[in-house]
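Residue-level structural notes
Here is how the chains run, residue by residue.
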Amino acid sequence: MARKVRTSFLYVVASIVFCATLYHHFLRDAISAASATSIVKTTAISSIINNAVDENIHNSDINIPPRLAPQVNNTWTISTTSILIPDWEVLVIVSPEDTPLLTSNSSDYVCLYENNEVSPAVPAGVLRFPDRATFKCLFPRRARRTHPFKQPIFMKSTENPPERTSPSTELLRWTYIVYDSLTTDEDIVLFVKGVNNRQGTNREPNKFRCIFGDDYINGVRTAVTTSMQEVFRCKRPELTAVNSVDNDIDQQRIKVSLETVEGNRVVPSVAYYTNTRKLDAGKQKSLLCASTMVYNVGKFLKEWVFYHSRIGVEKFLLYDNGSDDDLGKVVEELVQEGFDVKTYFWLWPKTQEAGFSHSAIYAKESCTWMMFMDVDEFVYSPSWQNSPEPSKSMLHSLIWSTWSQFSSSMKISLTVSKVGQLRIECHEFGPSNHSTHPILGVTQGYNCRRKLENRHKSILLLEAVDDSLLNVIHHFTLKPGFRSRKLNSKNIVVNHYKYQAWPEFKAKFRRRVSTYVLDWTQPINPNSNDRTPGLGFTPVEPQDWPQKFCEVHDNGLKNLTRRWFQVESPSGDHQMSWQR
């Protein structure tokens with residue numbers, strides 16, 4: 001009797017194992033594939049084009065005709081390259097050939113993975129030079145179980161999955177890639193992840209070569225002249241070597257990458273060799289511009305631009321790090337009001353230093369000096385309290401006095417270096433009892449700060465920047481013959497509204513833009529100066545957050561901006577000029 005029970009039990013177990021195996025290999029894929037044809041998405045998607053991209057290019061400036069493309073097995077084929085970026089997101093870059101063929105309804109697309117799971121493709125903007133539409137897809141948990149990770153198929157959600165006639169290529173990793181390039185009159189600058197990995201440790205330029213063309217074996221190679229952080233500069237190739245018929249390099253769509261001499265290992269690349277690109281100077285070269293990297297700063301931007309434009313900043317260059325708020329609309333409104341504000345679409349995560357390097361050379365012929373400052377930072381001098389209204393001479397005189405002071409010293413001694421960078425100390429303000437964003441703006445809402453200065457920001461003479469473009473925390477390495485000058489904090493400071501109301505501040509846990517700064521969610525180096533005192537590794541509001549970092553009540557800039565910018569609204573109430 002016991003033997004019969006054991007036999008029956010083993011038969012039942014074997015049957016269960018057989019059915020599970022059958023489901024795993026056949027039925028599960030069939031069910032998943034069928035579900036891929038009717039996906040319900042709840043994500044609201046507005047447009048394939050980011051409104052704030054590349055020097056105020058708007059949706060109407062890029063023509064996207066109805067989709068026309070060849071079919072394979074009744075399925076549209078879209079050529080893409082995908083990169084695994086932080087937070088288990090996949091950045092999908094549509095080829096320049098297929099970008100014009102996408103439908104204007106950008107919510108039509110999904111990513112199909114090796115295990116037949118799908119995730120909605122959310123528009124992320126358009127990379128320029130050449131134009132390439134980008135999307136972001138979440139990388140499903142079950143798809144992460146199979147190694148190596150494979151490139152997803154980018155397709156319309158209403159289509160049947162295509163037949164896989166060949167193995168998928170491996171998914172590119174954000175930790176090892178050439179992600180952007182900039183061509184100057186003399187050379188080409190590459191921006192590369194995964195080669196110089198440690199801050200302060202850089203491999204020699206002769207260890208690398210730049211390589212042009214899709215055919216890496218027969219590609220054109222040129223020497224690398226500088227290798228610093230994520231920035232590599234190399235000589236431009238002979239035009240005839242990379243250009244077949246058309247003299248327009250942009251039309252040729254020539255890939256460019258970096259090759260290590262030892263082992264001839266080529267870094268995967270999504271960058272192109274293009275014509276020379278520069279920021280438009282307009283009617284004349286500006287004395288002072290401002291550059292910063294931004295993400296979802298629509299609600300803060302007007303106050304920052306209004307204020308600094310009135311004290312001497314003539315042009316604003318914003319590196320948009322993938323914003324999905326109303327940044328584009330705000331920029332357009334500022335331009336219509338007469339402000340010179342341009343955006344450059346810079347999607348790449350944790351690349352602030354590289355973005356600043358790009359800005360220093362991209363704007364060199366349009367700007368003489370560049371102020372590198374975030375949108376929560378405001379330059380302020382107590383001496384301005386005596387001025388009934390703001391004046392562009394306030395910052396301009398600071399620059400001219402520095403030049404005249406040291407040019408007179410040069411007459412006495414040829415060994416005195418010229419000033420190429422002004423360093424301004426920061427005052428860090430706390431929440432000042434606010435639990436939400438102040439309606440009148442940060443300069444009116446936050447008036448309590450820490451006592452001691454911390455760090456500094458820079459105003460940089462662009463012609464003084466070292467060829468390596470090396471920068472760390474808002475200041476640059478300078479060419480021989482130039483030096484930095486630290487300004488007296490009693491005369492001028494930067495009000496850094498760093499510790500804002502909690503809903504604004506907690507976003508910093510996810511958006512650390514600096515290359516060498518750890519995300520705050522990682523339990524590493526808890527005593528770092530970049531971390532916030534009293535916070536752990538999770539975005540949980542401390543009980544006393546509104547009262548934190550309040551050691552000195554400082555109403556200097558608050559009173560000044562109220563006097564300069566307060567206006568009467570149509571209803572008779574008072575508001576700030578940037579609220580109109």
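What this report covers is the structure whose coordinates are included nearby. Small disclaimer: the values here were computed from a predicted structure and weren't measured.

Remarks on the pairing of strand E11 (residues 177–183)
Within E11, seven of the seven residues are buried, leaving the element largely enclosed by the surrounding structure. In terms of strand pairing, E11 meets strand E12 (residues 187–193) through six bridges, oriented antiparallel. Each bridged residue has a counterpart across the sheet, and for leucine 182 the counterpart in E12 is valine 189. Connecting E11 to the next strand, E12, in antiparallel fashion are three residues.

Observations regarding the environment of lysine 350
With respect to the element layout, lysine 350 can be found in the loop between strand E21 (341–345) and helix H6 (352–362). Look at lysine 350 and you get buried, because its relative accessible area is 19%. For the pair lysine 350 and proline 86, spaced 264 residues apart in sequence, the C-alpha separation works out to 9.4 Å.

Remarks on H6
Turn by turn, an α-helix covers 3.6 residues, leaving residues three or four places apart pointing in a common direction. For H6, a buried count of 11 out of 11 residues is recorded, marking the element as mostly surrounded by other parts of the structure. Within the sequence span of H6, burial applies to Gln352, Glu353, Ala354, Gly355, Phe356, Ser357, His358, Ser359, Ala360, Ile361 and Tyr362.

Considering helix H10 (residues 556–565)
In terms of burial, H10 is a largely internal element, seven of the 10 residues being buried. The complete set of buried residues in H10 reads Gly556, Leu557, Lys558, Leu560, Thr561, Trp564 and Phe565.

Digging into the sheet that holds strand E3 (residues 80–85)
In any sheet, the strands associate via hydrogen bonds between backbone groups, in a parallel or an antiparallel arrangement. The mixed open sheet is built from five strands, whose spatial order is E7-E8-E4-E3-E10. Each edge of the sheet is formed by a strand with only one pairing partner; in this case those strands are strand E7 (122–127) and strand E10 (172–173).

Thoughts on the side chain of glutamine 151
Following the sequence through the fold, glutamine 151 ends up in the loop between strand E8 (132–138) and strand E9 (153–156). A distance of 3.3 Å separates a polar atom in the side chain of glutamine 151 from the backbone oxygen of glutamate 170. Not counting chain neighbours up to four residues away, the residues in contact with glutamine 151 comprise Thr80, Thr81, Ser82, Ser168, Thr169, Glu170, Leu171 and Leu172.

Observations concerning the packing of aromatic side chains
Within a pair of aromatic rings, the relevant descriptors are the distance that separates the centres and the angle that separates the planes. Going through the model one piece at a time under the given rule, you end up with 36 aromatic pairs. Seen in terms of ring centroids, phenylalanine 306 and phenylalanine 339 are 4.9 Å apart; in terms of plane orientation they differ by 45 degrees. Their pairing is tilted. Taken as a pair, phenylalanine 306 in helix H4 (residues 298–310) and phenylalanine 339 in the loop between helix H5 (327–336) and E21 lie far apart in primary sequence, 33 residues in all. Take phenylalanine 306 and phenylalanine 339: they sit in the same class, and that class is buried. Members of the aromatic cluster, joined through ring pairs, are Trp174, Tyr179, Phe191, Tyr319, Tyr344, Trp346, Trp348 and Tyr362. Over the ring of phenylalanine 129 we find arginine 128, and its NZ or CZ is 5.4 Å from the ring centre.

Definitions and limits used
- Here the residue index of a chain counts from 1 through its sequence in written order.
- In view of the model being predicted, local features appear only for residues whose pLDDT reaches at least 70, and side-chain atom pairs are presented and counted only at 80 or more, with totals across whole chains, interfaces and linings using the full set of residues.
- Each side-chain value is derived from all of the structure's non-hydrogen atoms; neither hydrogens nor water enter the calculation.
- With a 1.4 Å probe rolled over the protein chains alone, any residue whose accessible area is under 20% of its type maximum counts as buried; one over 50% counts as exposed, and the rest are partly exposed.
- Numbering of helices and strands starts at the N terminus; helices are DSSP runs of H or I of at least 4 residues and strands are runs of E of at least 2.
- DSSP calls a pair of strands paired once it identifies at least 2 bridges connecting them.
- We call two N or O atoms a polar contact when they sit within 3.5 Å, provided that within protein one can donate a hydrogen and the other can accept it, with sequence-adjacent residues counted only if both atoms are side-chain atoms.
- Residues are treated as being in contact if the distance between any of their heavy atoms lies within 4.5 Å.
- Note on aromatic pairs: the rings of Phe, Tyr and Trp (six-membered ring only in Trp) are paired at centre separations within 6.5 Å, and the planes decide the class, stacked below 30 degrees, edge-to-face beyond 60, tilted for the rest.
- Here, over-ring charges are defined by two tests on the NZ atom of lysine or the CZ atom of arginine: distance to the ring centre within 6 Å, and angle to the ring normal within 35 degrees.

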